[in-house]
Amino acid sequence: MKESGLKSFMFSDIVSIRLIVLWLAVIMHSLSLLSAADDPPKPVVPPRIALCNPLVVEANAKTEIVIRGWGLVDVSGVQCDLEGATVTILKQESAPVPGRQDAKQIGKRRSALH
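In every chain, residue numbers begin from 1 and rise along the written sequence. Thresholds applied to this predicted model are a pLDDT of at least 70 for local features of residues and 80 or more for the giving and counting of side-chain atom pairs; totals over whole chains, interfaces and linings are not thresholded and use all residues. Side-chain calculation: all heavy atoms of the structure are included, whereas hydrogens and water are not.

Observations concerning a nonpolar patch on the surface
Right, on to step 1. Each patch is assembled from residues with relative accessible area greater than 30% and no salt bridge, linking like charges that lie within 9 Å and nonpolar side chains (Val, Leu, Ile, Met, Phe, Trp, Tyr) that lie within 5 Å. Note on areas: Shrake-Rupley with a 1.4 Å probe; residue coverage comes only from the protein chains shown. Within this document, salt bridges are pairs made up of a side-chain nitrogen of Lys or Arg and a carboxyl oxygen of Asp or Glu, the two lying within 4 Å of each other. Nonpolar side chains collect at one region of the surface, where Leu19, Leu22, Trp23, Val26, Ile27, Met28 and Leu31 lie side by side and expose about 740 Å² of accessible area between them.
Right, on to step 2. Runs of H or I in DSSP of at least four residues are treated as helices and runs of E of at least two as strands, each being numbered from the N terminus. Checked against the element boundaries, Ile27 lands in helix H1 (residues 2-37).

Laid out in structure tokens, this is it:
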């Protein structure tokens, strides 16, 4: 009699150990899914213009325009809403901060357009 009681005790022990391992596996898998969902994709930040020189351009005249701002490194083209007007990027470079101004206020890059 003791032998059958011992066997049934061992069987229930093995079953409970398997259940514990199964629950641990489910919890670990759930945690891994939660940690992957915590990293949302970074939003795309469009370029911003702080300064533009000159502000006015004559019609049908080729004029060089210098703009200064943030996010100008990744710019590959410029759109213009005037019919027949074309804009090309001449150069893009780092811009020194003039005087005692803050680079966060006026931007660190400048581009020349034609």
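We are not done yet, so read on.
Comments concerning the pairing of strand E4 (residues 109-113)
Right, on to step 1. Here the rule is simple: two strands pair whenever DSSP picks up at least two bridges between them. With 5 bridges connecting them, strand E2 (residues 65-70) and E4 associate as antiparallel partners. Looking at E4, one finds that Arg68 is bridged to Arg110.
Right, on to step 2. Where strand E3 (residues 89-94) meets E4, 5 bridges bridge the pair, whose relative direction is antiparallel. Paired with Gln92 across the bridge in E4 is Ser111.

What about the sheet that holds E2?
Right, on to step 1. As summarised here, the arrangement of the 4 strands in space is E1-E2-E4-E3, forming an open sheet in which the pairing is antiparallel. Of all strands in the sheet, those with a lone pairing partner are strand E1 (48-53) and E3, marking the two edges. Taking the axes of each pair of neighbouring strands and ignoring which way they run, one obtains an average angle of 25° across the sheet. The convention used is that axes are lines fitted to C-alpha atoms, helices contributing only their stretch in contact, and that angles between N-to-C directions extend from 0 to 180 degrees.

Quick notes on the layout of surface pockets
Right, on to step 1. Here a cavity is any set of points on a 1 Å grid over the protein atoms alone where a 1.4 Å probe fits but cannot get out, and a pocket is any open set with protein on both sides within 12 Å along at least 5 of 7 lines; a residue lines the site when it has an atom within 4 Å of a point. Grid points are joined across faces, edges and corners, and a volume is the space filled by probe spheres set on the points. There is about 880 Å³ of room inside the largest pocket.
Right, on to step 2. Along the walls of the largest pocket sit 33 residues, with Ile65, Cys80, Ala85, Thr86 and Val87 positioned nearest its centre.
Right, on to step 3. When contributions to the lining of the largest pocket are tallied by element, the ones reaching two or more residues are E1, E2, E3 and E4.
Right, on to step 4. Gly is put with the polar residues, along with every residue not named as nonpolar or charged; the nonpolar set is Ala, Val, Leu, Ile, Met, Phe, Trp, Tyr, Cys and Pro, and the charged set is Asp, Glu, Lys and Arg. Along the lines of polarity and charge, the residues of the lining of the largest pocket split into 19 nonpolar, 10 polar and 4 charged.

Quick word on the side chain of Arg68
Right, on to step 1. For Arg68, the position within the fold is in strand E2.
Right, on to step 2. One buried charge, Arg68, has no salt-bridge partner; the nearest side chain with opposite charge is Glu93, at 8.7 Å.
Right, on to step 3. The term polar contact refers here to a pair of N or O atoms within 3.5 Å; inside protein, the definition further demands a hydrogen-donor-capable atom paired with an acceptor-capable atom, and it admits residues adjacent in sequence only when both atoms are side-chain atoms. In terms of polar contacts, Arg68 uses its side chain to reach the backbone carbonyl oxygen of Pro96, at 3.0 Å.
Right, on to step 4. Dropping the residues within four chain positions of it, Arg68 is found in contact with Arg48, Ile49, Ala50, Leu51, Ala95, Pro96, Val97, Pro98, Ile106, Gly107, Arg109 and Arg110. Partly exposed residues are those whose accessible area sits between 20% and 50% of the maximum for their type, while under 20% is buried and over 50% is exposed, using a 1.4 Å probe and protein chains only. Under the convention used here, Asp and Glu are negative, Lys and Arg are positive, and both His and the chain ends fall outside the count. By definition in these notes, contact holds between two residues if any of their heavy atoms fall within 4.5 Å.

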